[in-house]
Amino acid sequence: MKSIEQAHLIIKGRVQKAGYRDHIDEMAFNLDLTGYVKNLPDGSVEVVCEGEREKIEQFIDLIWIKQYPISVEAVSYTHLTLPTN
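Residues numbered from 1 in each chain as written. Predicted model: local features only at pLDDT ≥ 70, side-chain atom pairs only at ≥ 80, totals over all residues. Heavy atoms only, no water.

Residues of helix α1 (residues 20-30) that are buried include every one of Y20, I24, M27 and A28, and no others. Summarising the axial view, the buried residues of α1 lie within an arc of 100 degrees, below the 170-degree limit, and thus occupy one face. What points out from α1, more than 90 degrees from its buried face, is the exposed set D22, D25, F29 and N30. Tucked into the core, α1 has its buried residues touching β1 (4-14), β2 (34-39), β3 (45-52), α2 (53-62) and β5 (70-81). Count one or two residues on from α1 and you reach D32, which has phi positive near 60 degrees. (Buried < 20%, exposed > 50% of the residue type's maximum accessible area, 1.4 Å probe, protein only. Helix = DSSP H or I, 4+ residues; strand = E, 2+ residues; numbered from the N terminus. Arc of directions from axis to C-beta. Contact = heavy atoms within 4.5 Å.)

Time to look at the side chain of S44. The residue S44 is located in the loop between β2 and β3 in this model. In contact with S44, other than residues within four places in its own chain, are I10, I11, K12, V15, Q16, K38 and N39.

Given below as structure tokens:
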């Protein structure tokens, strides 16, 4: 059985008012990840997602978008393994 993990990400760059959250939402949905994405007051975007570690790692690779008007400059994240029943 694969463990379920949670990742907390902060994404910096030109990621607000550029349609970035929609891209993130679609990628997470396609990878069967759950969670949320929201804009932060400092201009960055926060993502919290849960799912299989391999899918979270794939998601992190995919969110590095540099296609006008989106330009991801930095991604910081932490992983947390969630307890299983």
